[in-house]
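# Tertiary structure, described
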Amino acid sequence: MPMTDSKITQTDIGYAEEIIENMPVEDIRDVYEDSLLLWLCGSGSGPSHSGGSYYCVMDYKGRTKFLEGEVYGASVNAALIAGFHQAVESLKKPVNILLLTPCPLGFHAGFRGKGPNAEKLQAALALIKEKGCTLTASVIPGGLIKQFVMEQGGKPQEPKENKYKKIIYRECLEKVCRLLQENQVDPAVIQQVREITADD
């Protein structure tokens, strides 16, 4: 979509920024119960994956809807903006939107029509204006958002600490198996050792 001269301004959508610090998810939901909360996280494209991705939970008065998508070649911000646009597109009535992201999406530059994602932001902002909504943005710790979003999407994340412990456990088990091999222990016994899991 080509950029037009009539950019959406902060005033057009009642744009505001909110500082939310040290609040658990349930407190945020209680304090902002009259707003539609958009919990948004994702990743950019990289060597191991060609697409950026977004994960979003639309959260309104205790009801939630999970959205996810991939955006070929997108940076983290471009992927998050795509998710933001997708969520706004599905709105049926005017509401105050509280957008919760792990990083700033570049709204200040976007309102001026500047920056690499200005057109994408302006398209999403135009949709907010068209639907009669207002927008408040807040940057909060990414871990809090990701855990909540993935749980709502039925994709709970394993805590990093547990993942790390499992890696160390497997490495130690392999060292034990090598030592058993060096001492000519029966291969069937070594295989039994190798199959031991951390839950056994």
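These remarks concern the structure in this document. (Residues numbered from 1 in each chain as written. Predicted model: local features only at pLDDT ≥ 70, side-chain atom pairs only at ≥ 80, totals over all residues. Heavy atoms only, no water.)

What follows concerns the nonpolar core. Ranked by size, the top nonpolar core spans 30 residues in total, and within it Leu38, Phe84, Ile97, Phe107, Ile128 and Leu135 carry the most contacts. Broken down by secondary-structure element, the contributors of at least two residues to this core are β2 (36-43), β3 (51-60), α2 (76-89), β5 (96-101), α3 (107-111), α4 (118-130) and β6 (134-139). Those residues in contact with Leu135, other than ones at most four positions away along the chain, are Ile13, Gly14, Tyr15, Ala16, Phe84, Asn96, Ile97, Leu99, Phe107, Leu125 and Ile128. Leu37, Leu98, Ile145 and Phe148 belong to the second-largest nonpolar core, a separate cluster that totals 16 residues. (Core = buried A, V, L, I, M, F, W, Y, C linked by side-chain atoms within 4.5 Å. Buried < 20%, exposed > 50% of the residue type's maximum accessible area, 1.4 Å probe, protein only. Helix = DSSP H or I, 4+ residues; strand = E, 2+ residues; numbered from the N terminus. Contact = heavy atoms within 4.5 Å.)

Across the sheet, which stays open at both edges, the six strands sit in the order β1-β6-β5-β2-β3-β4 with mixed pairing between neighbours. Sheet topology places β1 (16-17) and β4 (63-72) at the edges, where each strand pairs with a single neighbour. Pairing geometry for β3 and β4, over ten bridges, is antiparallel. When the bridges of β4 are listed, Gly51 appears paired with Tyr72. (Pairing = 2+ DSSP bridges.)

The next subject is the packing of aromatic side chains. Across all of its chains, the model carries five aromatic pairs by this definition. Of the aromatic side chains, those joined through ring pairs into one cluster are Tyr15, Phe84, Phe107 and Phe111. (Phe/Tyr/Trp six-rings, centres within 6.5 Å; stacked < 30°, edge-to-face > 60°.)

Moving on to α4. With 13 residues, α4 extends 18 Å between its outermost C-alpha atoms, agreeing within 8% with the 18 Å of an ideal straight helix rising 1.5 Å per residue. After α4 finishes, the residue Gly132 shows a positive phi value of roughly 75°. (Expected span 1.5 Å × (residues − 1).)

Once that is clear, we can look at the pattern of salt bridges. Enumeration over the complete set of coordinates arrives at three salt bridges. Here Asp59 makes a salt bridge to Arg29, at a shortest N to O gap of 2.8 Å. Of the two residues, Asp59 is situated in strand β3 and Arg29 in helix α1 (residues 25-31); the sequence distance between them amounts to 30 residues. Residue class for Arg29 comes out buried when judged on its relative accessible area of 17%. Linking Asp34 and Lys61 is a salt bridge whose minimum nitrogen-to-oxygen distance equals 3.2 Å. Of this pair, Asp34 sits in the loop between α1 and β2 while Lys61 sits in the loop between β3 and β4, and the two are 27 residues apart along the sequence. On the basis of relative accessibility, which here comes to 52%, the residue Lys61 falls in the exposed class. (Salt bridge = Lys/Arg side-chain N within 4 Å of Asp/Glu carboxyl O.)

Burial within β3 is extensive, with nine of its ten residues counted as buried. Pairing analysis gives seven bridges linking β2 to β3, with the strands arranged antiparallel. From the neighbouring strand, Ser43 faces β3, where its bridge partner is Ser53.

The next point concerns the environment of Ala109. Here Ala109 lies in helix α3. Using a relative accessible area of 23% as the deciding quantity, one classes Ala109 as partly exposed. Taking the C-alpha atoms as reference points, Ala109 and Leu121, separated by twelve residues in sequence, lie 9.4 Å from one another.

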